[in-house]
Amino acid sequence: MLNGTKTFITNGPVGDVFVVYAKTDMGKGPRGVSAFIVEKEFPGFSRGKQFEKLGWRGSPTGELILEDCKVPAENLMGKENEGARILMSGLNTERTALAALSLGISRGAYEFSLKYAKDQVQFGKPIASFQLIQSKLVDMAMEIELSRLITYKCAAMADKGLVEEMNLMASYAKLYTAGVGMRITTEAVQILGGYGYLKEFPVERMMRDAKPQQIGGGTDEIQRLIIARELLQD
Ligand SMILES: Cc1cc2nc3c(=O)[nH]c(=O)nc-3n(C[C@H](O)[C@H](O)[C@H](O)COP(=O)(O)OP(=O)(O)OC[C@H]3O[C@@H](n4cnc5c(N)ncnc54)[C@H](O)[C@@H]3O)c2cc1C
């Protein structure tokens, strides 16, 4: 029987099946955690509050509540007390997917603002002819190329089954691409000027959608701690 409440669950308000990590041996820390597949029909399962968010409006986020929730033995994932290993390998693929999400948002914001800069005329010239706008476009294009390289490298490692060996690369990829996503979407809003701030144009949404990648799957600060730990270990 599982007991507890978990906040911040992506698709919690609509999901049918959830992977839940729970303590099964209280004295053993991470070695006492197991992973379970919990289905919405299980007795003791309920949903809590759904949150209003800045971005990611297409993916509802909410709370899950487990009160004496009966989970059949066959729904244990892997072996008892080996949940932390499953969690860690899942986190690396999640971080790779979040890097891809940041990359896509960055590319969308860049392509939209590039076209806008070519079309928008000020002082008799397209704003793309101004070197300060060109400088923004150059940084965007370059950072997208680098984001693509690191994301594809991570995806290739995951494809080869190296999910447990890719801690460093997954943290590099998520941390780097999330920062790029925020920088590029903010610059895209800037290139569009006042129009960038309006909901009539997509870049304000992209800016709001870029932010969660610096928080979910382990915050930027936690990625830095992981990277430092990997760099400092013998
Ligand atoms: C839209 C969205 C969807 C999410 N979906 C899921 C989900 O599906 N499943 C799930 O499990 N979680 C989910 N989360 C939760 C997310 O993983 C957490 O919000 C995130 O890990 C940060 O934890 P916290 O909110 O408790 O912040 P805290 O841990 O309280 O952190 C607050 C601040 O302190 C910093 N901090 C914390 N510890 C340290 C430290 N040791 N050193 C330096 N700085 C530190 C953090 O980086 C952050 O800046 C989601 C979050 C969001 C916003």
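The model shown is predicted, which means the values in this text are computed figures rather than measured ones.

K.L.:
Can you lay out the nonpolar core for me, pointing to particular residues and giving the numbers?
P.N.:
In terms of nonpolar packing, the biggest core is built from 23 residues, with Ala117, Leu137, Met140 and Ile191 touching the most fellow members. Within the residue set of this core, elements represented by two or more residues are α1 (83-119), α2 (131-159), α3 (167-191) and α4 (203-210). Not counting residues up to four positions away in its chain, the partners in contact with Met140 are Tyr110, Ser113, Ile184, Glu187, Ala188 and Ile191.

K.L.:
Account for the packing of aromatic side chains, with residues named and values stated.
P.N.:
Counted under the stated rule, the structure contains six aromatic pairs. Each ring, one from Phe8 and one from Phe51, has its centre 5.9 Å from the other, and the planes form 35°; the classification is tilted. You can see Phe8 sitting in strand β1 (residues 2-10) and its partner Phe51 sitting in the loop between β4 (45-50) and β5 (61-69), a full 43 residues away along the chain. An aromatic cluster is present here, built from Phe112, Tyr116, Tyr195 and Phe201 joined pairwise through their rings.

K.L.:
Give a description of the sheet that holds strand β6 (residues 76-77) that names residues and reports values.
P.N.:
With antiparallel pairing, three strands are arranged side by side in an open sheet as β2-β3-β6. Whereas interior strands pair on both sides, the edge strands pair on one side only; in this sheet they are β2 (17-23) and β6. Where strand β3 (residues 33-39) meets β6, two bridges bridge the pair, whose relative direction is antiparallel. For Ala35, the partnering residue across the bridge sits in β6 and is Met77. Against the sheet, α1 makes contact with β2, β3 and β6, and its axis sits at roughly 70° relative to β3, the strand it touches most.

K.L.:
Lay out the site of the ligand in plain terms, naming residues and giving numbers.
P.N.:
Every residue close to the ligand is listed here: Lys6, Phe8, Ile9, Thr10, Lys53, Trp56, Ile215, Gly216, Gly217, Thr219, Glu221 and Leu225. A distance of 3.3 Å separates an oxygen atom of the ligand from a polar atom in the side chain of Lys6. Separating an oxygen atom of the ligand from a side-chain N or O atom of Thr219 is a distance of 2.6 Å. For the ligand, the protein covers 50% of the area, taking 970 Å² as the surface of the free molecule. Those elements giving two or more residues to the shell around the ligand turn out to be β1 and α5 (220-232). In terms of residues, the shell around the ligand owes the most to one element, β1, which gives four residues. The class makeup of the residues in the shell around the ligand is five nonpolar, four polar and three charged. Each of domain 1 (2-77) and domain 2 (83-232) accounts for three or more of the residues forming the shell around the ligand.

K.L.:
Which residues make up α2, and what values go with them?
P.N.:
With 29 residues, α2 should cover 42 Å at 1.5 Å per step; its first-to-last C-alpha distance of 42 Å lies within 8% of that length. By the burial criterion, the buried members of α2 are Ile133, Leu137, Met140, Glu143, Ile144, Ser147, Ile150, Thr151, Cys154 and Met157.

K.L.:
Go over the sheet that holds β5 with me, naming the residues and quoting the values.
P.N.:
Pairing within the open sheet is antiparallel, and its three strands lie in the order β1-β5-β4. Because the sheet does not close on itself, it has two edges, and the strands there are β1 and β4. The average undirected angle you get between the axes of adjacent strands in this sheet is 20°. Inspection of the sheet shows β4 paired to β5 by four bridges, in the antiparallel sense.

K.L.:
An account of the packing of α3 against α5 is needed here, citing residue identities and associated values.
P.N.:
Two numbers describe how α3 lies on α5: the axes approach to 9 Å, and their chain directions differ by 145°. In this structure, α3 meets α5 at a crossing whose hand is left-handed. In this structure, α3 contributes Asn167, Leu168, Ser171, Tyr172, Lys174, Leu175 and Ala178 to the contact, and α5 contributes Asp220, Gln223, Arg224, Ile226, Ile227, Glu230 and Leu231. Residues belonging to the contact of α3 with α5 are distributed by class as follows: seven nonpolar, three polar and four charged.

K.L.:
If you had to explain the domain arrangement of the protein chain to someone new, which residues and values would you point to?
P.N.:
By the assigned domains, the protein chain splits into domain 1 (2-77) and domain 2 (83-232). Look at where the C-alpha atoms of domain 1 and domain 2 centre, and you get two points 29 Å apart. Taken together, the contacts link ten residues of domain 1 with ten residues of domain 2. Roughly 850 Å² of surface becomes buried between domain 1 and domain 2 when both sides are summed, with 67% attributable to carbon and sulfur atoms. Contact with domain 2 buries surface across domain 1, with Tyr21, Leu54 and Trp56 losing the most and accounting together for 63% of the total. Across the domain 1-domain 2 interface, the total number found is zero salt bridges.

About the cut-offs
- Residues numbered from 1 in each chain as written.
- Predicted model: local features only at pLDDT ≥ 70, side-chain atom pairs only at ≥ 80, totals over all residues.
- Heavy atoms only, no water.
- Core = buried A, V, L, I, M, F, W, Y, C linked by side-chain atoms within 4.5 Å.
- Buried < 20%, exposed > 50% of the residue type's maximum accessible area, 1.4 Å probe, protein only.
- Helix = DSSP H or I, 4+ residues; strand = E, 2+ residues; numbered from the N terminus.
- Contact = heavy atoms within 4.5 Å.
- Phe/Tyr/Trp six-rings, centres within 6.5 Å; stacked < 30°, edge-to-face > 60°.
- Pairing = 2+ DSSP bridges.
- Axes fitted to C-alpha atoms, helices over the stretch in contact; angles between N-to-C directions.
- Near = heavy atom within 4 Å.
- Polar contact = N/O pair within 3.5 Å; in protein donor to acceptor, adjacent residues only side chain to side chain.
- Areas by Shrake-Rupley, 256 points an atom, 1.4 Å probe, with all protein chains shown as cover.
- Nonpolar A, V, L, I, M, F, W, Y, C, P; charged D, E, K, R; others polar.
- Domains from an automatic or database assignment.
- Expected span 1.5 Å × (residues − 1).
- Left-handed = near helix turned anticlockwise from the far one by under 90°.
- Buried area = accessible area lost by both parts, 1.4 Å probe.
- Salt bridge = Lys/Arg side-chain N within 4 Å of Asp/Glu carboxyl O.

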